[in-house]
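Understanding the architecture of this molecule
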Amino acid sequence: MKAPWYVDAVFYEVPVYAFFDTNGDGVGDFAGLTERLDYLEWLGVTCIWLLPFYESPLRDGGYDISDFRSVLPRYGTVDDVRTFLDESHRRGLRVIADVIVNHTSDQHPWFQEARLPGSPLRSRYVWSDTPDRFPDARVIFTDTHDSNWTWDPVAGAYYWHRFFDHQPDLNFDDPAVQDEIENIIRFWLTLGFDGLRLDAVPYLYERDNTNGENLPETHTYLKRLRAMVDTEFDDRMLLAEANQWPDDVVEYFGEGDEFHMAYHFPLMPRLFMALAQGDAGSVISILEDTPDIPDGCRWGIFLRNHDELTLEMVTGEERQYLWDRYAPEPSMRKNVGIRRRLAPLLDGDRRRIELLHALLLSLPGSPFLYYGDEIGMGDEHLLEDRDGVRTPMQWDSSPTAGFSTAVPQDLYLPVVSSPGYSPAAVNVAAQRDNPGSLLLWTRKMLDLRAGMSALGAGAFRLVPASDSAVFAFVRSDADATVLVVANFSDAPVTSDLDVDLAPTATLATAPGTSLEGTTITLDAHGWAWFRVEHPFTVIAARHGD
Ligand code: GLC
Ligand code: CA
């Protein structure tokens, strides 16, 4: 049976407002996204993930929705979304969107109505006379809040919120909420989205004497959504945002009857950890601790996204280590994480940027690229909240980066100005013309990956290496076997690989790589993808599984 489309998809995450502005108001729009589809097709990504584009007071980047079935007028209309979907599909590109199921904006009419005394909508939110209920639920936005309860003088009660206090949590014990959310999902899938990312799914229900995460009631409701999608739609995908440990995340796949995809949150900081330590250990152990997932399910893997580099899924000691290493200035830290983009995190070092991408594109899971990382865009960590990683896409070297015809002061956020990362230094136009650019390298790697199905749906097996800096694994399917090796250390390394193989071709490599028999030599931060003799059954026999 053919694997479902998301199994070998390459996702590209982009906020509508950040990509391209066609009407000169300083804000990206759907018409702009549609205009730039040629670029995404040329780059070689296969699915676009749109951040929230709904009506919103924009106090949380649009994750604070005030009307679930609308488009924020400055981004366009529902018709513009339809055109964008049609144009994407015509090019063979899929599109998924964010839907925020856990909470609304406090400006949503439901909340405005619910807070009124005696309102029939009161039960759509979670209220309490005291701020003491559910004391075991952690606070997520630690920089701005110390409680999940906020007093509402109009309601005369406290309301529950896992995120900002302007984002009251919906009460999923109310059948009307269950139905409304189901209908919203139906609405956007009917319009033509290929899938939806359901935001913040661990927190749907609250129960006394629990931490309010991953509760059985939450899974029951999510399975109901999945059943609806399976019954009413073809070939769609639901993706869980659940920032949890692997054992808890796999519950969101159910028995293949809940989500199709879920992000692998704990893997991401460990890639940065391994690079900082020059040791593959932390990556290997999290992969060993990752349970198998049901057929047809798939991890989503990523290096960076629109949020802080979250350090929730590491130990306290590891967190401090990563903060010290990657966020030396306090302004670079946000909540339990780091608000920086990929290139500045890695000191703009091409070798390390390429190493992490070579892994992102070959580890088991569908890769999610973050807009601008393909050109090594920088950030502005002094901007509010996480805005510093959401600045305008840099198309050319002009002061507005070719993003907009507005004057620079009218852009929704300033273009990156930090030295080495301004549009003059980092932009698509220059990199398209430069054969040695990160952009053309990324495109080449995506092209290679597209031609090598083992890197998509293929089975995964770790390969032991004698040197702890070296990370090695194979991916294999009916067509081919690929050996991937990477050196996390900043010194050259020679290591034995505990594997019985004969390489037949080097698919891609950093300079300075050689493989003689089973001895690999890699330069500092070197890596390689080899095609090896096939079929690759010897390994399974030798390692006893
Ligand atoms: C998700 C989003 C994040 C948002 C939060 C609250 O974690 O990724 O950007 O702030 O939900 O809505
Ligand atoms: Ca615009």
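Residues numbered from 1 in each chain as written. Chains lettered and ligands numbered in written order. Predicted model: local features only at pLDDT ≥ 70, side-chain atom pairs only at ≥ 80, totals over all residues. Heavy atoms only, no water.

1. A closer look at the sheet that holds strand β17 (residues 481-487)
With antiparallel pairing, five strands are arranged side by side in an open sheet as β15-β16-β17-β22-β19. Both outer strands of the open sheet, β15 (459-462) and β19 (503-509), are each paired with one neighbouring strand and no more. Each strand of the sheet is rotated relative to its neighbour by a mean of 25 degrees, with strand direction disregarded. Direction of pairing for β15 relative to strand β16 (residues 470-476): antiparallel, over a ladder of four bridges. Along β16, the bridge assignment pairs L462 with F473. Relative to β15, helix α10 (residues 281-288) is tilted by about 130 degrees, and along the sheet it contacts β15 and β16. Docked against the sheet, helix α15 (residues 438-450) engages β19 and β22 (527-532), running at close to 25 degrees with respect to β22. (Pairing = 2+ DSSP bridges. Helix = DSSP H or I, 4+ residues; strand = E, 2+ residues; numbered from the N terminus. Axes fitted to C-alpha atoms, helices over the stretch in contact; angles between N-to-C directions. Contact = heavy atoms within 4.5 Å.)

2. Things to note about the pairing of strand β7 (residues 195-199)
In terms of burial, β7 is largely enclosed, as five of its five residues are buried. Residues G195, R197 and D199 of β7 are buried on one face, and the alternating residues L196 and L198, pointing to the opposite face, are buried as well. One ladder, built from five bridges, connects strand β3 (residues 94-100) with β7; its direction is parallel. In the sheet register, V99 faces β7, and the bridge partner there is L198. Pairing of β7 with strand β8 (residues 237-240) involves four bridges; the strand directions are parallel. Considered in β8, the bridge of L196 is made with L238. The handedness of the β7 to β8 crossover, carried by helix α7 (residues 216-232), is right-handed. (Buried < 20%, exposed > 50% of the residue type's maximum accessible area, 1.4 Å probe, protein only. Right-handed = clockwise from strand over helix to strand, strands pointing away.)

3. Details of the coordination of the calcium ion (ligand 2)
For the calcium ion (ligand 2), the protein coordination sphere consists of D21 (OD), N23 (OD1), D25 (OD), V27 (O) and D29 (OD), at 2.3 Å. Motif for the calcium ion (ligand 2), donor spacing along one chain: D-x1-N-x1-D-x1-V-x1-D. For D25, a relative accessible area of 32% puts it in the partly exposed group. (Donors = N, O, S within 2.8 Å, 3.2 Å for Na, K, Ca; no water.)

4. Focus on the packing of helix α9 (residues 267-277) against α10
Interaxial distance between α9 and α10 falls to 7 Å at its minimum, and their mutual angle equals 155 degrees. It follows from the interaxial angle that α9 and α10 lie roughly antiparallel. Across the interface between the two elements, L267, R270, L271, M273, A274 and Q277 from α9 touch S282, V283, I286 and L287 from α10. Partitioning the contact of α9 with α10 into residue classes produces seven nonpolar, two polar and one charged. (Parallel < 35°, antiparallel > 145°, perpendicular 65-115°, else oblique. Nonpolar A, V, L, I, M, F, W, Y, C, P; charged D, E, K, R; others polar.)

5. Overview of the nonpolar core
Of all hydrophobic cores here, the largest spans 165 residues; its most connected members are Y12, Y39, L50, F53, F193 and F488. Excluding its chain neighbours within four sequence positions, the residues that come into contact with Y39 are Y12, F19, E374, M393, W395, V428, R432 and L439. One finds V470, V474, A528 and V532 within the second-largest nonpolar core, a separate group that totals 16 residues. (Core = buried A, V, L, I, M, F, W, Y, C linked by side-chain atoms within 4.5 Å.)

6. Description of the pairing of strand β1 (residues 11-14)
Because side chains alternate across β1, one face comprises the buried residues F11 and E13, and the other comprises Y12 and V14, equally buried. Two elements, β1 and strand β14 (residues 366-370), share three bridges in a ladder whose sense is parallel. Among the inter-strand pairings, F11 is bridged to a residue of β14, identified as F368. Examined bridge by bridge, β1 and strand β2 (residues 47-50) share four bridges and lie parallel to one another. Looking at the pairing, V14 lines up with L50 of β2.

7. Considering the domain arrangement of the chain
Considered domain by domain, the chain is made up of domain 1 (5-102 + 174-449), domain 2 (109-160) and domain 3 (458-538). Computed over C-alpha atoms, the centres of domain 1 and domain 3 are 29 Å apart. Summed over both partners, the interface of domain 1 with domain 3 buries about 1,900 Å², with 74% contributed by carbon and sulfur atoms. Sorting the residues of domain 1 by area buried against domain 3 places R351, L355 and S362 first, and these three jointly supply 25% of that buried surface. Summed over the shared surface of domain 1 and domain 3, the number is zero salt bridges. Run the count over domain 1 and domain 3 and you get five residue pairs in polar contact (both at pLDDT 80 or more). Listing elements by their share of the side of domain 1 that touches domain 3, those giving two or more residues are α9, α10, α13 (350-360) and α15. The greatest single-element share of the side of domain 1 that touches domain 3, amounting to seven residues, is contributed by α13. (Domains from an automatic or database assignment. Buried area = accessible area lost by both parts, 1.4 Å probe. Salt bridge = Lys/Arg side-chain N within 4 Å of Asp/Glu carboxyl O. Polar contact = N/O pair within 3.5 Å; in protein donor to acceptor, adjacent residues only side chain to side chain.)

8. Concerning unusual backbone geometry
Among all residues except glycine, the phi angle is most often negative; among peptide bonds, the trans geometry is most common. At D235, a position not held by glycine, the phi torsion is positive, near 65 degrees. For D235, a relative accessible area of 48% corresponds to the partly exposed category.

9. Notes on the site of ligand 1
Near ligand 1, the surroundings consist of 13 residues, among which D60, H103, D199, E241 and D307 are the closest. H306 places a side-chain nitrogen or oxygen 2.9 Å from an oxygen atom of ligand 1. Isolated, ligand 1 exposes 310 Å² of accessible area, and the fraction of that covered by the protein chains is 96%. Here the residues of the shell around ligand 1 are counted per class, giving three nonpolar, three polar and seven charged. (Near = heavy atom within 4 Å. Areas by Shrake-Rupley, 256 points an atom, 1.4 Å probe, with all protein chains shown as cover.)

10. As for the packing of aromatic side chains
Inspection of the entire model under this criterion finds 48 aromatic pairs. Taking 5.6 Å as the distance between ring centres and 85 degrees as the angle between the ring planes, the aromatic pair formed by F272 and Y326 counts as edge-to-face. Of this pair, F272 sits in helix α9 while Y326 sits in helix α11 (residues 316-326), and the two are 54 residues apart along the sequence. Across the pair, Y326 and F272 agree in class, each one buried. Joined through ring pairs, the aromatic side chains of W5, Y6, F11, W49, Y263, F265, F302 and F368 make up one cluster. Cation over ring: R69 sits above F187, and NZ or CZ is 5.8 Å from the ring centre. The ring of W127 has R122 lying over it, and the distance from NZ or CZ to the ring centre is 4.7 Å. (Phe/Tyr/Trp six-rings, centres within 6.5 Å; stacked < 30°, edge-to-face > 60°. Lys NZ or Arg CZ within 6 Å of the ring centre and 35° of its normal.)

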